[in-house]
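In case you want the letters, here they are:
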Amino acid sequence: MEHILEEAKSISAEIAEWRRHLHQTPELGLETPKTSAYIVQELKKMGVEDIRERVGGWGVAALVKGEKPGKTLAIRADCDALPIKEETGLPFASKNGLMHACGHDAHTAMALGAAKLLLAHKAELAGTVKFIFQPAEENVQGAKAMIDDGVMENPHVDALIGLHTGCLWKEVGNGEIGVRFGSLMAAVDRFVVTFKGKGGHGATPHLAVDPVTMTATAVLELQTILSRELSPLDAAVLTVGRIEGGKSFNIIPESCLIEGTVRTLNPSTRAFVEERLRAVVSRVADGMRGEAEVEYESGPPPLINDTDFTRTFQAFAARLAGAEKVKEIGEPTMGGEDVAYFLEMVPGTFFVHGSCAPEKGQVYPHHNPKFDVDEETFPLGSALFAGFALTWQQ
Ligand code: NI
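Everything numeric in this text was worked out from a predicted model, so none of it was measured.

The rules behind each value
- In this convention, every chain numbers its residues from 1, walking through the sequence in written order.
- Where totals are concerned, whole chains, interfaces and linings use all residues; where local detail is concerned, this predicted model gives features only for residues with pLDDT of at least 70, and gives and counts side-chain atom pairs only at 80 or more.
- Hydrogens are left out, water is left out, and the side-chain values use all remaining heavy atoms of the structure.
- Helix numbers and strand numbers start at the N terminus; a helix is a DSSP run of H or I with at least 4 residues, a strand a run of E with at least 2.
- Throughout, radius of gyration means the C-alpha value; the globule benchmark is 2.2 Å times the number of residues raised to the power 0.38.
- Only protein chains enter the accessibility calculation, which uses a 1.4 Å probe. A residue is then buried if its area is under 20% of the maximum for its type, exposed if over 50%, and partly exposed in between.
- Contacts are assigned to residue pairs with any non-hydrogen atoms lying within 4.5 Å of each other.
- Asp and Glu count as negative and Lys and Arg as positive, but His and the ends of the chain are not part of the count.
- Here the site of a charge means NZ on Lys, CZ on Arg, CG on Asp, or CD on Glu.
- For two strands to pair, DSSP has to find at least two bridges joining them.
- Angles shown run from 0 to 180 degrees and are taken between the N-to-C directions of axes, each axis being a line fitted to C-alpha atoms and, for helices, limited to the stretch in contact.
- A pair of Phe, Tyr and Trp rings is counted when the ring centres sit within 6.5 Å of each other, with Trp represented by its six-membered ring. The angle between the planes then sorts it: under 30 degrees is stacked, over 60 is edge-to-face, the rest tilted.
- Each ring is checked for a lysine NZ or an arginine CZ that lies within 6 Å of its centre and within 35 degrees of its normal; such an atom marks a charge sitting over the ring.
- Expected span of a helix, by definition, is 1.5 Å for each gap between consecutive residues, and there is one gap fewer than residues.
- Bend, in this description, refers to the angle at a residue between axes fitted to the seven residues ending there and the seven starting there.
- Contacts described as polar in this section are N or O atom pairs within 3.5 Å, which, within protein, must combine one atom able to donate a hydrogen with one able to accept it, while residues neighboring in sequence count only if both atoms come from side chains.
- Salt-bridge detection follows one rule: a side-chain nitrogen of Lys or Arg within 4 Å of a carboxyl oxygen of Asp or Glu.

Student: Where do I start with the overall build of the chain in this structure?
Tutor: A tally of regular secondary structure across the chain gives 10 helices and 16 strands. Scaling as 2.2 N^0.38, a compact globule of 394 residues should have a C-alpha radius of gyration of about 21 Å, and the chain matches this with 24 Å. Projected onto its principal axes, the C-alpha coordinates of the chain cover approximately 80 × 45 × 40 Å. The buried share of the chain, reckoned over its 394 residues, is 53%. Within the chain, counting contacts between residues at least 6 apart in sequence, those at least 24 apart form 81% of the total. Seen as two clouds, the 38 positive and the 54 negative side-chain charges of the chain have centres 1 Å apart.

Printed below as a string of structure tokens:
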């Protein structure tokens, strides 16, 4: 294990080549057949035998079995891209109108690198490492699809790690590692509320039941759930992003709807906001002689890093890269990540891998057409995955 970072550096060209291939052929959402075929091809080439394809669609699960007994650690890498037209001007830029503008190409390449490193260390590896190559992170469907298709069983996964590369947290600089105890990212829920009234002439509102007024009132009152009912120290966001209703200046429509998102950092707050949202919209509608129909879709849960597990990872990362390279992330983000579905089932940690080098022009944010990451940081990512797999049970 002592030399794992040097070993990772010795395969840096290969890791970069995997990333460039993936970068050139991005695919979207659950539809990642070429990406999956490439992952499988490269895994076979390096000698991974136990590969399960088509897990929950185009997901791939691959096993590296150690020669010593032990538990199973999953290493999760997402592999989907975004509907963004690339403007980096890189020689390996995508030409198909889609783009790896979040670094998931790098995640997959670093995980492939870890697989290659672990194959050379099977004799000292205790237990099994299950690589989970997951499509559809961006639309938060992939993790759930793979779980529903049994990726956490056969063998049963005991713990899981994953990373996000790039420059998501400013305190994690290039080549640095960010860890956080507890919540790192938010639950992502979506709601649609349809206010139903009775259509009529705009000049005779008393003969109609006006769903537009209900909607306007509800949009404001919903905010009071956060400002008046939750502790000011308990983070939550409720955003109404869409209002739709009515066709003409002088017609009271039959219905009007709002669509929005709720973001929370802990499960009890999440349940509370949903319950109160339902109550507030139905009270508003009821108070105005109408009705509110609620469609509430729970997306990924809050991403919560297990404290003990994260402490083990933090100590390991400090040993590997030097304590000065390991930063504790101060604040979570209200963005979401569907790795949270895995971390809801088993202990683990999702860490941040800093990979934006401003001196190389890597100053653009994630999901920007000019987003790019520093390939020189990839060996560190592979070494973190592989080295941790070799030591976490000690
Ligand atoms: Ni991402």
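On we go.
Student: Hey, could you run me through the side chain of Thr 32 in this one?
Tutor: Examined against the element boundaries, Thr 32 turns out to sit in the loop between α2 (12-24) and α3 (33-46). Relative accessible area serves as the criterion here: at 0%, Thr 32 is assigned to the buried category. Thr 32 has contacts with Glu 27, Trp 58 and Pro 135, leaving out every residue within four places of it along the chain.

Student: Would you explain the sheet that holds strand β8 (residues 187-196) in this entry?
Tutor: Consider a sheet: its strands pair through backbone hydrogen bonds, and that pairing is either parallel or antiparallel. Across the sheet, which stays open at both edges, the four strands sit in the order β10-β12-β8-β13 with antiparallel pairing between neighbours. In this open sheet, the two strands that pair with only one neighbour each are β10 (236-245) and β13 (291-298). Taking each pair of neighbouring strands and ignoring which way they run, the sheet shows an average axis angle of 20°. Packed on one face of the sheet, helix α6 (residues 211-229) meets β8, β10, β12 (255-264) and β13 and runs near 175° to β10.

Student: So what exactly am I meant to see when it comes to the packing of aromatic side chains here?
Tutor: Aromatic ring pairs are described here by two measures, namely the spacing of the ring centres and the angle between the planes. All chains considered together, the criterion is met by eight aromatic pairs. With centroids separated by 5.4 Å and ring planes inclined at 65°, the aromatic side chains of Phe 309 and Phe 388 adopt a geometry described as edge-to-face. Separated by 79 residues along the polypeptide, Phe 309 in helix α8 (residues 307-321) and Phe 388 in helix α10 (residues 378-391) bring together distant segments of the chain. With respect to class, Phe 309 is no different from Phe 388; both count as buried. Three or more aromatic residues joined by ring pairs form one cluster here, namely Phe 309, Phe 313, Phe 316, Phe 351, Phe 385, Phe 388 and Trp 392. Above the plane of the ring of Trp 58 lies Arg 54, whose end atom (NZ or CZ) is 3.8 Å from the centre.

Student: Whenever I open this one, α6 confuses me. Can you help?
Tutor: In an α-helix there are 3.6 residues to a turn, and that puts residues three or four apart on one side. The terminal C-alpha atoms of α6, which comprises 19 residues, lie 25 Å apart, in line with the 27 Å expected from a rise of 1.5 Å per residue. If you look at α6, its biggest bend is around 25°, right at Val 219. For α6, the set of buried residues is Pro 211, Met 214, Thr 215, Ala 218, Leu 222, Ile 225 and Leu 226. In this structure, the buried residues of α6 make contact with β8, β10, β11 (251-252), β12, α7 (267-287) and β13. Of the residues flanking the start of α6, the one acting as N-cap is Asp 210, its side-chain oxygen 2.8 Å from the backbone nitrogen of Val 212.

Student: When you look at the pattern of salt bridges in this model, what are you seeing that I'm missing?
Tutor: Pairs may arise between side chains of opposite charge once their charged atoms sit close together. Under the criterion given, the structure shown has 26 salt bridges. For Arg 19, the salt bridge identified is with Glu 375, shortest N-O distance 3.0 Å. Note that Arg 19 is positioned in helix α2 and Glu 375 in the loop between β16 (348-354) and α10, a separation of 356 residues in sequence. Both residues of the pair, Arg 19 and Glu 375, belong to the buried class.

Student: Sorry, what's going on with the environment of Pro 379 here?
Tutor: Residue position: Pro 379 is located in helix α10. Residue Pro 379 is classed as buried on the basis of its relative accessible area, which comes to 3%. Spatially, the C-alpha atom of Pro 379 lies 5.2 Å from that of Lys 9, the residues being 370 residues apart in sequence. Setting aside anything within four residues of it in sequence, one finds Pro 379 in contact with Leu 5, Ala 8, Lys 9, Ser 12 and Ile 15.

Student: How do you make sense of helix α4 (residues 104-119) when you look at a structure like this?
Tutor: For α4, built from 16 residues, the straight-helix expectation of 22 Å at 1.5 Å per residue is met to within 8% by its first-to-last C-alpha distance of 23 Å. Burial analysis of α4 places 15 of its 16 residues in the buried class, which makes it a mostly covered element.

Student: So what exactly am I meant to see when it comes to the sheet that holds strand β4 (residues 126-134) here?
Tutor: Strand order in the open sheet made by the eight strands is β1-β2-β4-β3-β5-β16-β6-β15, with mixed pairing throughout. The open sheet has two edge strands, β1 (50-55) and β15 (326-328), and neither has a second partner. Averaged over all neighbouring strand pairs, the angle between strand axes comes to 25°, with direction disregarded. As defined by bridge partners, strand β2 (residues 59-65) adjoins β4 across six bridges and the pair is classed as antiparallel. Across the sheet, the residue bridging to Val 60 is Phe 133, located in β4. Of the strands in this sheet, β2, β3 (68-78), β4, β5 (159-166) and β16 touch α4, which is tilted by about 155° from β4.

Student: Explanation requested: the environment of Gln 393 in the structure shown.
Tutor: For Gln 393, the location among the structural elements is in the segment after α10. Accessibility expressed as a relative area gives 32% for Gln 393, which makes it partly exposed. Measuring from C-alpha to C-alpha, the distance between Gln 393 and Leu 73 comes to 9.6 Å, with 320 residues separating the pair along the chain. When sequence neighbours within four positions are dropped, the list of residues in contact with Gln 393 reads Gly 70, Lys 71, Ala 126 and Gly 127. Of the polar contacts made by the side chain of Gln 393, one reaches the backbone oxygen of Ala 126; its length is 3.0 Å.

Student: Would you mind going over the side chain of Thr 108 with me for this structure?
Tutor: Along the chain, the position of Thr 108 falls in helix α4. Among the residues examined, Thr 108 registers a relative accessible area of 0% and is labelled buried. Ignoring sequence-local partners within four residues, the contact set of Thr 108 consists of Leu 22, Ile 39, Ala 77, Asp 78, Cys 79 and Phe 133.

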